[in-house]
There are 2 protein chains.
Amino acid sequence: MTYIDQLKAYYERVTEECVSGLSLDCVIFGFHDTRLKVLLLKWKDTNEWSLPGGFIYKTESVDTAAGRVLRERTGLDQLFLQQFHLFGDAVRYDTDDTWQRLKMPMKYGVNWPDRTISMGYYALVDYTKVTPAVDFMSDECCWWDVADLPSLLYDHRHIIDVALKTLRLQLNWQPIGLNLMPEKFTIPELQRLYEAVLDRSLDARNFHKKITGLNILTRLDERRTGGAHKSPYLYQFDEVNYQKALINGSLNFV
Amino acid sequence: MTYIDQLKAYYERVTEECVSGLSLDCVIFGFHDTRLKVLLLKWKDTNEWSLPGGFIYKTESVDTAAGRVLRERTGLDQLFLQQFHLFGDAVRYDTDDTWQRLKMPMKYGVNWPDRTISMGYYALVDYTKVTPAVDFMSDECCWWDVADLPSLLYDHRHIIDVALKTLRLQLNWQPIGLNLMPEKFTIPELQRLYEAVLDRSLDARNFHKKITGLNILTRLDERRTGGAHKSPYLYQFDEVNYQKALINGSLNFV
């Protein structure tokens, strides 16, 4: 099957088997090397990137569909996955411009809706456990630093911005650190995550004092070795106390 | 036009002019007489109630449609209105049971979708400024105490429960008090609002101490008169400090 045939077959199947006019887009966040990352797909034969996404089967719940998309792109089954915004503007993006950038070799079928509304989900994953996987419309699937994003298709730049704003607002009551950090980490590494989400620097002494005072971390008998001159202790989250702190709203960094 | 003709004309218009398969439901919260209230419609010739809701015109943004529905039911233009959840289960409620309870005198047209996904919005309004208005499918539009709800159609009981849970989670970072309280209020009245949202009692001394310590209230030179033996001072929100407290997460009541 040629690529065009594949595309045609795909859009025909979507038209027939999926809910019409509603899609979903997933902003998958990871944290690596002190940077907040997002998983993107490169559209076939272009230099344009987009969020992983998809459609909802007629007999499938929207949340289930989001879990399926994430599983397909990351290989992960148990994900922290949240609805965050319905993107429902009458005109979400410039269709002609997008079509050109996609280099789309075909037109949608006649039953394709004029307008697609998209449900935005965000996911928090442990970067080290993800195996990014392309779909047939993509050349690449890889992580990008949120502070340094490539050219994005559709309104996906806007969707990422809204997802980031949501993370910031929810930092005090969703288990953001717990889901993004690897199992063991140093306090400066955790500080980098907070700084990446908040998009500003925090004072190291204050952060250390605040975070250790919350009783949500367990210090291990191991240290991070291999650094220049320090070998700081490794920590783990105490999940029970972490959940309590979230409920109490005490995880809050001004 | 008979009621059946009206219904048929309405559903034909929706099929032709609106986005297919997506509706919206609005949980409109008010606060009165120390009780948290929600605005409901009584379905014509039944004792069944439902949330105000509607559909999205093909050229209208989903958020604009929600504002329109709210304006039609409350007479208010400037509303604190938030998306909170997409209700996208494959089967949201028992269709046969709902149809019977609706006493629907007609069938939907052939182009009516098998499944409707609904975007949930919540609104916070000043109870005293609302003029509830029925639509043609309703006998009544009035406030109900959230602690004492009538028989609700569709999955609207579930939608209200999720909206309440959202209010609880957002109490620390959305201007809930500002939007629900009348312009002037006593501290015990504000405490009742927090208690209604949190669904538990708070200690009066602690509440007074905490809320006055936050610097978000301005005490007026007026007192509430007419009560049994006390005449407590009236307060107003200091909007600038209130917004700051929300950003800092200091409005948090454990």
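Residues numbered from 1 in each chain as written. Chains lettered and ligands numbered in written order. Predicted model: local features only at pLDDT ≥ 70, side-chain atom pairs only at ≥ 80, totals over all residues. Heavy atoms only, no water.

A. The overall build of chain A, seen in detail. Scanning chain A from terminus to terminus reveals 8 helices and 9 strands. Seen through its C-alpha atoms, chain A measures out along the principal axes to roughly 60 × 40 × 30 Å. Across the 254 residues that make up chain A, the buried fraction comes to 52%. Contacts in chain A between residues at least 24 apart in sequence constitute 77% of all its contacts with a sequence separation of at least 6. A total accessible area of about 12600 Å² is found for chain A, and carbon and sulfur atoms account for 46% of it. Averaging the locations of the 30 positively and 34 negatively charged side chains of chain A gives two centres separated by 7 Å. (Helix = DSSP H or I, 4+ residues; strand = E, 2+ residues; numbered from the N terminus. Buried < 20%, exposed > 50% of the residue type's maximum accessible area, 1.4 Å probe, protein only. Contact = heavy atoms within 4.5 Å. Areas by Shrake-Rupley, 256 points an atom, 1.4 Å probe, with all protein chains shown as cover. Lys, Arg positive; Asp, Glu negative; His and termini not counted. Charge placed at Lys NZ, Arg CZ, Asp CG, Glu CD.)

B. Quick look at the confidence of the model for chain A. Per-chain confidence: chain A averages 90 in pLDDT, with 96% of residues scoring 70 or above. Scored as a complex, the prediction yields pTM 0.91 and ipTM 0.90. (pLDDT = per-residue confidence, 0-100.)

C. Main features of the side chain of Glu48(A). Residue and element names in this part refer to chain A. Mapped onto the secondary structure, Glu48 falls in the loop between β2 (35–43) and β3 (49–50). Overall, the relative accessible area of 13% leaves Glu48 in the buried class. Engagement of the side chain of Glu48 in a polar contact is seen with the side chain of Arg101, the distance being 2.8 Å. Leaving out residues up to four positions away in the same chain, Glu48 has contacts with Leu41, Lys42, Trp43, Arg101, Ser151 and Leu153. (Polar contact = N/O pair within 3.5 Å; in protein donor to acceptor, adjacent residues only side chain to side chain.)

D. Quick peek at the relation of the copies chain B and chain A. For the pair chain B and chain A, the superposition axis carries a translation of 0.0 Å, the fit reaches an RMSD of 0.0 Å, and the rotation angle comes to 180°. Here the symmetry operator amounts to a two-fold rotation axis. The overlap is high: 100% of the interface residues of chain B also sit at the interface in chain A, so the same surface is used on both sides. (Least-squares fit on C-alpha atoms with pLDDT ≥ 70 in both.)

E. Molecular detail of the packing of aromatic side chains. Scanning the entire structure with this criterion turns up 28 aromatic pairs over all chains. Aromatic side chains Phe80(A) and Tyr122(A) sit 6.3 Å apart centroid to centroid with 50° between the ring planes, which places their arrangement in the tilted category. Within this pair, whereas Phe80(A) is found in strand β5 (residues 80–87), its partner Tyr122(A) is found in strand β6 (residues 117–124), the two being separated by 42 residues in sequence. Accessibility assignment for this pair places Phe80(A) and Tyr122(A) in one class, buried. A ring pair is formed by Phe185(B) and Phe237(B), whose centres lie 4.9 Å apart and whose planes are at 45°; its orientation type is tilted. You can see Phe185(B) sitting in the loop between α5 (176–180) and α6 (187–198) and its partner Phe237(B) sitting in strand β9 (residues 233–237), a full 52 residues away along the chain. For the pair Phe185(B) and Phe237(B), one class covers both residues: buried. (Phe/Tyr/Trp six-rings, centres within 6.5 Å; stacked < 30°, edge-to-face > 60°.)

F. Highlighting the packing of α6(B) against helix α7 (residues 204–213) of chain B. All names here are of chain B. Direction vectors running N to C along α6 and α7 enclose 100°, while the axes themselves pass 10 Å from each other. Regarding the angle of α6 to α7, the classification is roughly perpendicular. Where α6 approaches α7, its residues Ile187, Leu190, Gln191 and Tyr194 are matched on the opposing element by Ala204, Phe207, His208, Ile211 and Thr212. Taken together, the residues of the contact of α6 with α7 break down into 6 nonpolar, 3 polar and no charged. (Axes fitted to C-alpha atoms, helices over the stretch in contact; angles between N-to-C directions. Parallel < 35°, antiparallel > 145°, perpendicular 65-115°, else oblique. Nonpolar A, V, L, I, M, F, W, Y, C, P; charged D, E, K, R; others polar.)

G. Focus on the pattern of salt bridges. Residue and element names in this part refer to chain A. All told, the structure shown has 29 salt bridges over all chains when counted by the stated rule. Of the charged contacts in the structure, one is a salt bridge between Asp145 and Arg35, with a shortest N-O distance of 2.6 Å. Placement of Asp145 in strand β7 (residues 138–145) and of Arg35 in strand β2 is noted, with a sequence separation of 110 residues between them. Given a relative accessible area of 39%, Arg35 falls into the partly exposed group. Ionic contacts of the salt-bridge type, sharing partners, join the residues Glu60, Arg68, Glu72 and Arg73 into one network. (Salt bridge = Lys/Arg side-chain N within 4 Å of Asp/Glu carboxyl O.)

H. Representation of unusual backbone geometry in the model. All names here are of chain A. A positive phi is found at Thr34, a non-glycine position, where the angle reads about 65°. Assignment of secondary structure puts Thr34 in the loop between β1 (18–32) and β2. Its relative accessible area of 37% is what places Thr34 among the partly exposed residues.

I. Representation of the nonpolar core in the model. Residues Leu22(A), Leu24(A), Leu22(B) and Leu24(B) are the most contacted members of the largest nonpolar core, which totals 48 residues. With sequence-adjacent residues up to four places away left out, Leu24(B) is seen in contact with Pro52(B), Gly53(B), Gly54(B), Ile56(B), Val62(B), Ala65(B), Ala66(B), Val69(B), Ser118(B), Met119(B) and Tyr121(B). (Core = buried A, V, L, I, M, F, W, Y, C linked by side-chain atoms within 4.5 Å.)

J. Spotlight on the domain arrangement of chain A. All names here are of chain A. In terms of domain boundaries, chain A breaks down into domain 1 (3–170) and domain 2 (176–248). Of note, the centres of domain 1 and domain 2, computed from C-alpha atoms alone, are 31 Å apart. On the side of domain 2, 12 residues touch domain 1, which itself brings 13 residues to the contact. Regarding the contact of domain 1 and domain 2, the summed buried area is about 1200 Å², with carbon and sulfur atoms giving 72% of it. (Domains from an automatic or database assignment. Buried area = accessible area lost by both parts, 1.4 Å probe.)

K. Layout of the interface of chain B and chain A. Taken together, the contacts link 25 residues of chain B with 25 residues of chain A. Both faces combined, the contact of chain B with chain A buries some 1900 Å², and carbon together with sulfur accounts for 59% of it. When the area that chain B buries against chain A is broken down by residue, the three leading residues are Leu86(B), Arg115(B) and Trp173(B), summing to 27%. Applying the counting criterion to the chain B and chain A interface returns 0 salt bridges. Among the secondary structure elements, those contributing two or more residues to the side of chain B that touches chain A are β1 (18–32), β4 (53–57), β5 (80–87) and β6 (117–124) of chain B.

L. Spatial organisation of the environment of His156(A). All names here are of chain A. Turning to its location among the elements, His156 is positioned in helix α4 (residues 156–170). Expressed as a C-alpha distance, the spacing of His156 and Leu51, which sit 105 residues apart in the sequence, is 6.5 Å. For His156, the contacting residues outside a window of four places in its chain are Asp25, Ser50 and Leu51.

M. Representation of the UniProt feature "domain: Nudix hydrolase" (unreviewed entry) in chain A in the model. With numbering aligned to this structure, UniProt lists the feature "domain: Nudix hydrolase" (unreviewed entry) at residues 21–168 of chain A. A distance of 30 Å separates the end C-alpha atoms of residues 21–168 of chain A, which is 23% helix and 35% strand. (UniProt positions renumbered as here; feature names shortened; annotations may be inferred.)

N. Just helix α1 (residues 3–17) of chain A, in detail. Residues and elements named next belong to chain A. Spanning 15 residues, α1 covers 21 Å between terminal C-alpha atoms, matching the ideal 21 Å at 1.5 Å per step. Within the span of α1, buried status applies to Tyr3, Leu7, Tyr10, Tyr11 and Val14. Mapping the buried residues of α1 onto a view down its axis gives an arc of 90°, with all of them on the same face. Structural note: α1 exposes Glu12 and Glu16 on the side pointing more than 90 degrees away from its buried face. Structurally, α1 contributes buried residues whose contacts are with β1, β2 and β4 (53–57). (Expected span 1.5 Å × (residues − 1). Arc of directions from axis to C-beta.)

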